[in-house]
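Next come the chains, spelled out residue by residue.
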Amino acid sequence: MANRPPVGLPTLSRRSRILIVVGVIVLIGLILSSRVLSTYIDWLWYGEVGFQSVFTTKLLTQVVLFLAVGLIVGGVVWANLLLAYRTRPVFVPLSGPDDPVSRYRMVISRRLKLFGLGIPGVIGFLSAVTAVNDWQQAQLFLHGTSFGKTDPIFNIDVGFFVFTLPFYEWVLNWLFVAAALSFFAALITHYLYGAIRLAGRGGQLSGPARIQLSVIAGVFVLFKAVAYYFDRYDLLFSQSNQQAFGANYTALNAVMPAKLILLCIAVFCAAAFFAGAFLRNLQLPAIATALLVLSSLLIGVAWPAVLQQFSVAPNANEKEAVPISYNIAATTDAFGLGSDKVTYKDYSNQPTATADQIKSDVPTVSNVRLLDPSVLYQTFKQFKQGRNFYDFPPKLDIDRYTVNGVTSDYIVAAREMNTNGLADSQKNWINEHLVYTHGNGFVAAKASTVNSQGYPDFTVSELNTDGKVAEGAINVTQPRIYYGELQGDTGDYVIVGGPDGQNPGQGQEYDTDVTKYTYQGSGGVSIGNWFNRLVFAAYYGERNILFNSAITDNSKIMYYRDPADRVKNVAPWLTLDSDPYPAVVNGNIEWIIDGYTTLTNYPYSQQTQLGDATSDSLNANGTGPRQPNQGVGYIRNSVKATVDAYTGQVKLYSVDDTDPVLKAWEAVYPGTVLPSSDISPELRAHFRYPEDLFKVQRGLLAKYHVTTPQNFFSSVGFWSVPSDPTAVDNPTSTQAIQQQTSPQPPYYVMSGNPVQGGAGTASFQLTSPLVFLGRDFMSAYVSVASDPGPNYGKITVLKLPTDTQTPGPKQMQTQFITTNGNQLNLFRQQTTNIKYGNLLTLPVGGGLLYVEPVYVEQSQASNSQTSYPQLSRVLVSYNNGIGFANTFTDALNQALSGTTTGGGAGNTGGNTTTSPTTTTGQPTSPDMAKAVADIQAALAAIKAAQQSGDFQALGNAYKALDDATKEFTAAGGSTPTSSNPPPSTGGR
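Residues numbered from 1 in each chain as written. Predicted model: local features only at pLDDT ≥ 70, side-chain atom pairs only at ≥ 80, totals over all residues. Heavy atoms only, no water.

1. Describing the overall build of the protein chain
Rules: Helix and strand labels come from DSSP, where a helix needs a run of H or I of at least four residues and a strand needs a run of E of at least two; each type is numbered from the N terminus. Only protein chains enter the accessibility calculation, which uses a 1.4 Å probe. A residue is then buried if its area is under 20% of the maximum for its type, exposed if over 50%, and partly exposed in between. Two residues qualify as a contact provided that any one of their heavy atoms is within 4.5 Å of a heavy atom in the partner residue. Residue burial considers only the protein chains on display, and all accessible areas are found by Shrake-Rupley using a 1.4 Å probe.
A tally of regular secondary structure across the protein chain gives 28 helices and 37 strands. Scored against the burial criterion, the 988 residues of the protein chain give a buried share of 53%. For the protein chain, the share of sequence-separated contacts (at least 6 apart) that also reach a separation of at least 24 residues comes to 69%. As displayed, the protein chain has an accessible area near 41,900 Å², and 56% of this comes from carbon and sulfur atoms.

As structure tokens, this is what we get:
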């Protein structure tokens, strides 16, 4: 006997409904409260910087996607649940042991509205939350533009592939999700209410259930047919070809036709499902499904595999020639490596200039960089930190300035506030958020010179003790720094400003030891009203914001103070360079950040992992900024962003008006990107070619300078980025050098025109050597112009002959060590360590000049509170000659004359020193005896200075040793190679 399930459901009591409603409201409040707070705080911040349109556009796009996807997916699932419930059988079996789902059916029947609306609601909500992350894709679809270039297979504008196709596939994926969820929802509902019964032979399926499930399955297969159509376009992004991205021969001649065949079969299969729904015959859909699966295996998998194995693989160099040519053309275009950007020139590395001409090469030789910005952080901190709560970014920056009419490159750093450096007695909420609010000063040092002690020759613009601006050689009119790189690591916020009418200097903020300061700039969000104070107090969980009496109607709160964070917030569509740098522009300190427009897929373009491509010895171990490892198939440095260090004002400037991706985003956010005509000459003078982009390009140039498909297939002529031989733990071990694998970073230099062998006018360049694939010999020298003008961004590649053996960085470092091993070991005695600076490779006079500064610093084992590098020697090599001296000039003279000082080849061990003697072992004249005594005294002074950690005394002792050694040589003595310790450092 059977009965019909109840059509009405018992209702909840009034008390139960109230409790459920209250519980839901509390739960939603807990979930959304922090989100609402952060949204309001972001709204205030966007208002401060004048980019509220960015906030509203993103928010509205996400809301529309949330509602659209949530309603469509949830609505489709709800409609199918409702249809399945209403077409349930009139009678179902009574509850009993033979009905395993009766208990579940009873629970659902008692709470029909809860399950009938709750399940689709949850599904729709989760789908909507996932969909909002794709808001950029939707905006690019709405505002995408033409590239003016077509793909080589379909002859369709590239804009379709990068703007339109991703959105179509996104929509199709959500339709798949809706259809699949609807099918399972209907299937379960029909099973619970008896429309599907598994009991008996073959089970039973009611007519309504059969129709609904068949139609849903048919719709799903139709979607699959559309997917096959789009799959043909996706083949142009294929990664199946080991030699090059894009559709290979097999994809073009087997997979692509197979997609069309499968599309037709899928349409037939869908029609079979629709027919089976009304013919009460499931055999036809079953046969069609089997045909689709079998065809997918035979046509979509087996046939391409057979073609690849027996036709393509034996003749791959010929078969893949055309696809590889497509890849070469697309990659060079997508990454800005076409003939309009890159110039190749043969470079024989056969010096044609005389030694005097080399020495007088003013553009290159007079600007050789001796200061390494990645090494000198502790030195800058030791000499120019000023106070314990000031600090510099760990990686200093390099830029160029014109001082006294001469343009040179400088190591630069902004002296920022770092409240982590406060003493324990200074650490409290008031000091960290109201008093110590800003940094003070811009510190720079000419990169090609040092003082007599081997330290940078600093110029500083800062506030002096009375609060007045003390301008250095690089004049700064406002040296206060409220926004900087360190502000993302220290306190999240500071509160500035004082009572109405309060004069500057009477506020709470620390300015100098004798003066205080009240912020006068436009930065910050007003926190004067009680509502905002309550909001920020709740957001930061800090009650002092409510009750501190120093916070008045004119107070403002500053947050998002890291320049990169500020730019990322106002331009979420940009990929930012990992190295912002400060520049003095018209007396103000501005942070300059390079912004990239990127695409994951570009037809036939080689996809590059950005994190791997930009990794080098400076950030390989996580010690420096690094890009996330996202795939990139297209990149342009289309935007230069600036952030004022005092006001926090953010500006975006277009520097590539031809970029279609930039045009699309400018249409999304009209007015947010300023035209290039708004860039002042003073600001443009400090633009430089970005490092991350150059790293990506040099890695691709190592392969894509080969334009013949057959050679490309065979990797003939490929290059590679050299390892950095200076990044070793044991600086005098050749074995450690050979084991080093982290790529050498590129270097900014002031140098002559590389095409002219270093001659011409000095210009700012970003450079890197390349070596042959699998070998350490130099293969090419890459340089990109970084000065403003028509040549900015033009890449020059000097190609060395393949039959020469020009040493690459590893080999040159090995020569340096084996030639001067004993002297280098003297640095490592007792409490002193060696630290190598950047190994520069520079074209000069038809040859290659190698320059490497050598620093000494107190070892960590010395228990010294300070350890900071001091330039002590310079290594130089030119035309097989090696110099090792206390100045670059002396080292260059040694290299050009062919006379080198230092230990014998291969002698890298030992740390003993001996006094110079004559061939008989005894001094033979009063002058020689005096020289020997002076040398012994100098050696004793060196030992004492090393033990005490007095670097100034150490430099003086080295200078005395150098003078005594010269006196000994002049007296006719012969100096053993192990007895020539490094003399004192000096300027160039």
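2. Some thoughts on the nonpolar core
Basically, it comes down to this: As used here, the term nonpolar core means buried Ala, Val, Leu, Ile, Met, Phe, Trp, Tyr and Cys residues forming a set that is joined through side-chain atoms within 4.5 Å.
Counting residues in hydrophobic clusters, the biggest one holds 204 residues, and the most contacted among them are F380, L652 and F888. Sorting elements by how many residues they give to this core places helix 6 (residues 158-192) first, with 13 residues. A225, L262, I265 and C269 belong to the second-largest nonpolar core, a separate cluster that totals 14 residues.

3. Description of unusual backbone geometry
Positive phi, normally seen in glycine, also occurs at N349, with a value near 55°. For N880, which is not a glycine, the phi torsion comes out positive at approximately 75°. For N880, the position within the fold is in the loop between strand 36 (870-878) and strand 37 (881-885).

4. Section: the layout of surface pockets
Keep this limit in mind: Method remark: on a 1 Å grid restricted to protein atoms, a set of points is classed as a cavity if a 1.4 Å probe fits but cannot get out and as a pocket if it is open with protein on both sides within 12 Å along at least five of seven lines; lining residues have an atom within 4 Å of a point. Grid points are joined across faces, edges and corners, and a volume is the space filled by probe spheres set on the points. Put simply, Ala, Val, Leu, Ile, Met, Phe, Trp, Tyr, Cys and Pro go in the nonpolar bin, Asp, Glu, Lys and Arg in the charged bin, and everything else, Gly too, in the polar bin.
Considered as a void within the structure, the second largest pocket measures approximately 730 Å³ in volume. K341, R636, N637, V655 and D656 are, among the 33 residues lining the second largest pocket, the residues nearest its centre. Among the elements of the structure, helix 11 (321-334), strand 25 (634-644) and helix 22 (691-704) are those that each provide at least two residues to the lining of the second largest pocket. No other element matches the five residues that strand 25 contributes to the lining of the second largest pocket. When grouped by side-chain class, the residues that make up the lining of the second largest pocket number 14 nonpolar, nine polar and 10 charged.

5. Remarks on the packing of aromatic side chains
How we decide: Put simply, two rings from Phe, Tyr or Trp (the six-membered ring, in Trp's case) pair if the centres are within 6.5 Å, and we call them stacked under 30 degrees between planes, edge-to-face over 60, tilted for the rest.
Inspection of every chain in the model, using the stated rule, returns 52 aromatic pairs. The interplanar angle of 65° and the centroid separation of 6.1 Å between the aromatic rings of F147 and Y602 together place this pair among those described as edge-to-face. With F147 in the loop between helix 5 (135-143) and helix 6 and Y602 in the loop between strand 22 (588-599) and strand 23 (608-609), the pair connects residues that are 455 residues apart, well separated along the chain. Classification of F147 by relative accessible area gives buried; the value is 11%. Accessibility expressed as a relative area gives 5% for Y602, which makes it buried. Aromatic side chains Y519 and Y646 sit 5.0 Å apart centroid to centroid with 45° between the ring planes, which places their arrangement in the tilted category. Taken as a pair, Y519 in the loop between strand 17 (516-517) and strand 18 (525-526) and Y646 in the loop between strand 25 and strand 26 (650-654) lie far apart in primary sequence, 127 residues in all. Taken together, F141, F154, F160, F161, F167, Y168, W170, Y229, F230, Y233 and F237 form an aromatic cluster joined through their ring pairs.

6. What to know about the sheet that holds strand 7 (residues 397-403)
The test is simple: The pairing criterion for strands is at least two bridges between them, as found by DSSP.
Strands sit in the order 7-8-11-12-13 across an open sheet of five strands; the sheet is antiparallel. Two strands lie at the open edges of the sheet, namely strand 7 and strand 13 (469-470), each paired on one side alone. Of the pairings in the sheet, the one linking strand 7 to strand 8 (residues 406-414) comprises seven bridges and is antiparallel in character. Across the sheet, D397 pairs through a bridge with V412, a residue of strand 8.

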